[in-house]
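# Examining the three-dimensional arrangement
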Amino acid sequence: IKNRMKVQLSICIVAYNNYDDVAKAVSSLEEYTPSQIKKQVYIVDNSMYSKEQEENLAVLDSVIARYDDVCIINVGANLGFGKGHNYILDELESEYHAIVNPDIIFTEDVFSPIIEYMRNNRDVGMCIPNITDEKGERLQVYRRELTVFDMFIRMFCKNLFPKRNAMHTLQDQDYTQPFQVPFGQGSFLVIRTELFKKLNGFDDRFFMYLEDADLCKRVNEISKLMYYPGASVVHRWEKGSHKNKKLLMYHIQSMRKYFEKWGYKWY
């Protein structure tokens, strides 16, 4: 990895055959993040390269070429979500580190208020902002501790248990105020780099799914994950495992690993 340097903020995006999304995420990130924040953006490319991706890769390369604080790292294999993010862990020389999905769009300066909030609240180790869909509606990405029952109904029959789902997704909280979150979705998280390194990043035994729940649980054991309402990003959430049988199997395998690690909480 070239250009290793000490910065205020490091940002990691793991790509997998979605160069167009990554290009949009990087463009909007650069547009709305002020130059006063010294940053380094890492794109860890898990893609299995194909001719079909050539045009989109060229678009991404043209975007990256505009900025001297963005680098792409092709790892030559699909490492999975957590292991992809961990790939740069030893290289990080920053105060804060952002975990960002490729399908995130920036519409405002997100990092300045989050960094200020974390600087003023030393007990906050990780922060999740207001995450909305493209219509501006808040997504259900803030959740209570996982149980087998809650995972089952979310995946297979959410509409049959609306009250339980509302409880699990913290619908009773006041979203105008910060509050501690047991599990915040890993589509956008800002963590103190020192803490991320102390925890050895994600548990990469999770190929994809629930590595974010596991990280949040470990953060909350020694610090706090807080929802912060003073910043907002857009997530074009596709919920892939609800539509794809292979991704559903990854989700189920991760559930088994999670509950074997932390104990089966049934209800």
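Everything here concerns the structure above.
A brief look at the structure comes next. (Residues numbered from 1 in each chain as written. Predicted model: local features only at pLDDT ≥ 70, side-chain atom pairs only at ≥ 80, totals over all residues. Heavy atoms only, no water.)

## Focus on helix α4 (residues 111-120)
Where α4 is concerned, the buried positions are Phe-111, Pro-113, Ile-114, Ile-115, Tyr-117 and Met-118. Buried-residue contacts for α4 involve β1 (7-15), α1 (19-32), β4 (94-100), β6 (126-132), β10 (188-192) and β11 (225-235). (Buried < 20%, exposed > 50% of the residue type's maximum accessible area, 1.4 Å probe, protein only. Helix = DSSP H or I, 4+ residues; strand = E, 2+ residues; numbered from the N terminus. Contact = heavy atoms within 4.5 Å.)

## Here's the deal with the side chain of Asp-45
If you trace the backbone, Asp-45 turns up in strand β2 (residues 39-45). Buried charge Asp-45 goes without a salt bridge, the closest partner of opposite sign being Arg-236 at 15 Å. At a separation of 2.5 Å, a polar atom in the side chain of Asp-45 contacts the side chain of Ser-47. With sequence-adjacent residues up to four places away left out, Asp-45 is seen in contact with Ala-15, Tyr-19, Ile-72, Ile-73, Asn-74, Val-75, Gly-76 and Ala-77. (Lys, Arg positive; Asp, Glu negative; His and termini not counted. Salt bridge = Lys/Arg side-chain N within 4 Å of Asp/Glu carboxyl O. Polar contact = N/O pair within 3.5 Å; in protein donor to acceptor, adjacent residues only side chain to side chain.)

## Some thoughts on the packing of helix α5 (residues 148-156) against helix α9 (residues 245-262)
Interaxial distance between α5 and α9 falls to 12 Å at its minimum, and their mutual angle equals 170°. By the angle between their axes, α5 is roughly antiparallel relative to α9. Residues Val-148, Met-151, Met-155 and Phe-156 of α5 form the contact with α9, whose participating residues are Leu-248, His-251, Ile-252, Met-255 and Phe-259. For the contact of α5 with α9, the per-class residue count stands at 8 nonpolar, 1 polar and no charged. (Axes fitted to C-alpha atoms, helices over the stretch in contact; angles between N-to-C directions. Parallel < 35°, antiparallel > 145°, perpendicular 65-115°, else oblique. Nonpolar A, V, L, I, M, F, W, Y, C, P; charged D, E, K, R; others polar.)

## So, the environment of Val-234
Residue position: Val-234 is located in strand β11. We classify Val-234 as buried; its relative accessible area is 12%. The sequence separation of Val-234 and Thr-132 amounts to 102 residues, and the corresponding C-alpha distance is 5.0 Å. Sequence-distant contacts of Val-234, that is, excluding residues within four places in its chain, are made with Asp-103, Ile-104, Ile-105, Thr-107, Thr-132, Asp-133 and Glu-134.

## Digging into the packing of aromatic side chains
Taken as a whole, this structure holds 18 aromatic pairs when the rule is applied. With a centroid separation of 5.1 Å and 90° between ring planes, the pair formed by Tyr-175 and Phe-179 is classed as edge-to-face. For Phe-179, a relative accessible area of 7% corresponds to the buried category. Counting every residue linked through ring pairs, the aromatic cluster contains Tyr-142, Tyr-175, Phe-179 and Tyr-227. Sitting over the ring of Tyr-267, Arg-164 keeps its end group 4.1 Å from the ring centre. Above the plane of the ring of Trp-262 lies Lys-217, whose end atom (NZ or CZ) is 5.1 Å from the centre. (Phe/Tyr/Trp six-rings, centres within 6.5 Å; stacked < 30°, edge-to-face > 60°. Lys NZ or Arg CZ within 6 Å of the ring centre and 35° of its normal.)

## What about the pattern of salt bridges?
Considering all chains together, one arrives at 14 salt bridges under this definition. The partner of Arg-236 in a salt bridge is Asp-21, with the nearest N and O atoms 3.1 Å apart. Of this pair, Arg-236 sits in the loop between β11 and α9 while Asp-21 sits in helix α1, and the two are 215 residues apart along the sequence. Across the pair Arg-144 and Asp-172 runs a salt bridge, and its minimum N-O distance is 3.0 Å. One end of the pair, Arg-144, is in the loop between β7 (142-143) and α5; the other, Asp-172, is in the loop between α6 (162-168) and β8 (179-180), with 28 residues separating them in the sequence. Look at Asp-172 and you get exposed, because its relative accessible area is 54%. Salt bridges sharing partners connect three or more residues here, namely Asp-203, Arg-205, Asp-214, Arg-218 and Lys-261.

## Here's the deal with a nonpolar patch on the surface
On the surface, Phe-152, Phe-156, Met-249 and Ile-252 cluster together into a nonpolar patch covering about 380 Å² of accessible area. Here Ile-252 lies in helix α9. The exposure class assigned to Ile-252 is partly exposed, which follows from its relative accessible area of 35%. (Patch = residues over 30% accessible without salt bridge, like charges linked within 9 Å, V, L, I, M, F, W, Y side chains within 5 Å. Areas by Shrake-Rupley, 256 points an atom, 1.4 Å probe, with all protein chains shown as cover.)

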